[in-house]
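Residue strings, one per chain:
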Amino acid sequence: MPGDAQGHAIPSPGSDAVLAVRDLRIGFRQEGRIVPAVTGVSFHIGKGETVALVGESGSGKSVTALSTVRLLGDSAVVEGSVKYAGREMVGAPDRVLRDIRGNDISFIFQEPMTSLNPLHTLEKQLGESLALHQGLTGAKARARIVDLLTRVGIRDPETRLADYPHQLSGGQRQRVMIAMALANGPELLIADEPTTALDVTIQAQILDLLAELKADEGLSMLFISHDLGIVRRIADRVCVMKDGEIVEQGPVERIFVNPQHDYTRKLLAAEPTGGADPVPGDAPVMVETRDLKVWFPIQRGLLRKTVGHVKAVNGATLTVRAGETLGVVGESGSGKTTLALAIMRLIDSDGPILFMGQDMSRWQSRQLRRLRRDMQIVFQDPFGSLSPRMTVEQIIAEGLGVHGVEKGRDRRVMVADIMAEVGLNPQMMHRYPHEFSGGQRQRIAIARAMILRPKVVVLDEPTSALDMTVQVQIVQLLRGLQRKYGLAFLFISHDLRVVRAMSHTIMVMRAGEVVEQGGTAQIFDDPRHEYTRALLAAAFRDHHR
């Protein structure tokens with residue numbers, strides 16, 4: 001009987017095993033050698049069972065899942081055994097794999113916009129799969145597509161058939177992905193981080209939908225995630241992966257209540273704790289808005305007549321002092337990022353915006369130049385916001401070229417100092433972004449902002465793309481920088497656990513309106529608005545089951 005990395009026995013798959021993986025080893029050919037990615041993984045999934053693979057980025061979760069139907073590309077070397085319904089997949093002919101892919105085994109991926117074709121309507125994308133696997137076309141295919149979209153919770157599906165992916169919200173796109181995965185009645189669903197990019201309320205809806213579909217269809221599921229709260233809610237058994245190995249596996253309650261491996265205990269403990277340091281009573285106000293509005297005109301007809309407005313931000317009033325963090329929460333489309341861009345004068349708005357007591361809402365480009373140095377932004381995706389053609393030194397020093405180096409200071413010394421301050425080795429400044437992990441890339445983005453010694457920093461979902469353990473590190477880094485420099489933070493996030501650990505005050509937005517505002521303790525312990533209560537219920541549901 002095989003064992004995990006600690007030598008604990010792994011139960012042998014029963015006769016009802018839908019998927020049985022035994023001693024799976026995966027490597028990738030690179031410069032004349034094979035770089036190992038997965039080393040000796042064994043697990044199985046029974047009929048109607050959900051097994052979760054958990055671990056940090058690079059642990060081998062997705063590579064393991066993609067190997068089940070050989071989706072890894074020509075550079076991959078796969079050894080061991082992967083059996084689906086008793087049939088060996090490793091070394092199986094392409095025709096066998098083609099029959100199984102999308103038919104018996106279907107995938108749901110993390111980012112639907114990269115999985116859906118932006119040039120095809122929903123009807124065409126779903127119809128292609130039905131025509132290929134079931135021979136359905138015309139009216140029969142359309143009826144099946146409407147049924148699928150109805151089952152995954154798309155309202156008025158007949159009216160959405162001609163829509164393109166960009167016309168849907170993130171939650172709707174993920175529902176379409178699930179409909180595509182279900183189109184041919186699969187037996188095994190592989191869900192790779194299917195809720196990571198979604199708001200907490202949408203995340204809860206998608207998890208409920210998956211649980212409902214699993215019960216109705218008798219599906220088996222391989223669920224991949226780094227969020228243990230989600231795993232505890234949806235999985236029957238858990239396999240914890242680290243460095244290409246399963247270090248521990250077992251029933252979900254046993255793993256959560258009595259973890260055996262040090263790494264499992266580390267993952268379970270990886271949650272931002274504590275709160276922000278108190279703000280000094282005499283701290284000056286850094287940013288203030290009064291009834292701020294951002295309305296986008298809706299124009300129709302040949303003469304582009306304005307017939308209405310999209311009220312992206314409709315009357316936001318806020319104050320942020322030195323050393324204070326204002327957390328801005330709400331679902332996608334609520335106006336959080338639009339509010340931040342207006343405060344930074346990157347989009348037009350109406351209403352006073354005061355920076356250190358001066359109304360900058362009418363400042364021109366020359367006056368705004370100083371503001372750009374004093375007010376910086378860190379984005380959600382540290383890879384997308386860093387130029388792949390620039391070294392880390394060039395990226396971090398870019399702002400110094402625009403605003404000028406402090407007199408008597410060497411640019412390279414300044415880059416080395418700020419890299420050390422954010423926890424990066426200055427000797428790595430000649431490397432490129434792709435040579436760093438996600439957490440390191442976010443530290444680079446923070447260093448780029450901090451080298452200019454700003455007074456206000458906008459943090460737009462700075463931890464949502466990161467593993468739980470890395471999230472904790474970034475929260476601690478940001479707290480330390482705020483403490484040292486008295487920074488004012490505008491912290492935008494849909495992760496309420498991180499918001500609670502970072503924020504002094506919280507603003508809750510919905511459809512452009514500020515529905516509730518107050519101290520962090522008051523918002524979390526005694527929310528007044530129904531929408532705030534719904535957000536908190538979705539975020540912390542079953543969290544301490």
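Computed from a predicted structure; not experimentally measured. (Residues numbered from 1 in each chain as written. Predicted model: local features only at pLDDT ≥ 70, side-chain atom pairs only at ≥ 80, totals over all residues. Heavy atoms only, no water.)

A. Spatial organisation of the overall build of the protein. A tally of helices and strands in the protein yields 19 helices and 20 strands. A sequence separation of at least 24 residues applies to 68% of the contacts in the protein between residues at least 6 apart. Accessible surface, the protein: about 24500 Å² in total, of which carbon and sulfur atoms supply 49%. (Helix = DSSP H or I, 4+ residues; strand = E, 2+ residues; numbered from the N terminus. Contact = heavy atoms within 4.5 Å. Areas by Shrake-Rupley, 256 points an atom, 1.4 Å probe, with all protein chains shown as cover.)

B. Focus on helix α6 (residues 170–182). Here α6 contains 13 residues, and its C-alpha end-to-end distance of 19 Å stays within 8% of the 18 Å for a straight helix at 1.5 Å per residue. Burial analysis of α6 places 10 of its 13 residues in the buried class, which makes it a mostly covered element. Within α6, burial applies to G171, R173, Q174, R175, V176, M177, I178, A179, A181 and L182. (Expected span 1.5 Å × (residues − 1). Buried < 20%, exposed > 50% of the residue type's maximum accessible area, 1.4 Å probe, protein only.)

C. Structural context of the nonpolar core. Counting 54 residues, the largest nonpolar core has I396, I444, I446, I451 and L478 as its most contacted members. Among residues more than four places away in sequence, those in contact with L478 are I446, L459, F489, F491 and M502. Core analysis: the second largest hydrophobic core is formed by 34 residues, L148, V152, A179 and A191 among them. (Core = buried A, V, L, I, M, F, W, Y, C linked by side-chain atoms within 4.5 Å.)

D. A look at the packing of aromatic side chains. Tallying each qualifying case throughout the model produces 1 aromatic pair. Arranged with centres 5.5 Å apart and planes meeting at 10 degrees, the rings of F107 and F109 form a pair that is stacked. The class of F107 is buried, set by a relative accessible area of 12%. Residue class for F109 comes out partly exposed when judged on its relative accessible area of 29%. Sitting over the ring of Y263, K242 keeps its end group 5.6 Å from the ring centre. (Phe/Tyr/Trp six-rings, centres within 6.5 Å; stacked < 30°, edge-to-face > 60°. Lys NZ or Arg CZ within 6 Å of the ring centre and 35° of its normal.)

E. Highlighting the layout of surface pockets. By volume, the largest pocket is sized at about 960 Å³. If you go around the largest pocket, you meet 38 residues; those closest to its centre are S169, G170, G171, D199 and S332. For the lining of the largest pocket, the elements supplying multiple residues, two or more each, are α3 (112–115), α6, α7 (200–217), α11 (336–343) and β19 (505–510). Here the lining of the largest pocket gets 6 residues from one element, more than from any other, and that element is α6. Residues of the lining of the largest pocket, tallied by class, amount to 11 nonpolar, 17 polar and 10 charged. (1 Å grid on protein atoms, 1.4 Å probe; cavity = no way out; pocket = protein on both sides within 12 Å on 5 of 7 lines; lining within 4 Å. Points joined across faces, edges and corners; volume = space filled by probe spheres on them. Nonpolar A, V, L, I, M, F, W, Y, C, P; charged D, E, K, R; others polar.)

F. Expanded view of the environment of Q134. Tracing the sequence through the fold places Q134 in helix α4 (residues 122–134). Take Q134: its relative accessible area is 38%, and that puts it in the partly exposed class. With 385 residues separating them along the chain, Q134 and G519 place their C-alpha atoms 56 Å apart. With sequence-adjacent residues up to four places away left out, Q134 is seen in contact with S129, A183 and N184. A distance of 2.8 Å separates polar atoms of two side chains, one belonging to Q134 and the other to N184. (Polar contact = N/O pair within 3.5 Å; in protein donor to acceptor, adjacent residues only side chain to side chain.)

G. Region of the structure containing the pairing of strand β11 (residues 285–300). Here β11 runs beside strand β12 (residues 305–321); their pairing, made up of 13 bridges, is antiparallel. Note that in β12 the partner of I298 across the bridge is G308. The antiparallel pairing of β11 with β12 creates a hairpin that spans 4 residues between the two strands, and G301 there sits at a positive phi of about 80 degrees. The pairing of β11 with strand β14 (residues 353–355) spans 3 bridges and is antiparallel. The partner of T289 across the bridge, within β14, is I353. (Pairing = 2+ DSSP bridges.)

H. Highlighting the side chain of Q174. You can see Q174 is positioned in helix α6. Exposure remark for Q174: the relative accessible area of 0% places this residue in the buried category. Polar contacts involving the side chain of Q174 include one to the main-chain carbonyl oxygen of F109, which spans 3.3 Å. Leaving out residues up to four positions away in the same chain, Q174 has contacts with I108, F109, Q110, P112, P194, L198 and I206.

I. A look at the pairing of strand β1 (residues 17–30). Note that β1 and strand β2 (residues 33–46) share 11 bridges and pair antiparallel. Bridge pairing in β2 places F28 opposite V35. Joining the antiparallel neighbours β1 and β2 is a turn of 2 residues, in which E31 adopts a positive phi near 50 degrees. As defined by bridge partners, β1 adjoins strand β4 (residues 76–84) across 8 bridges and the pair is classed as antiparallel. Bridge assignment links F28 to a residue of β4, and that residue is A76.

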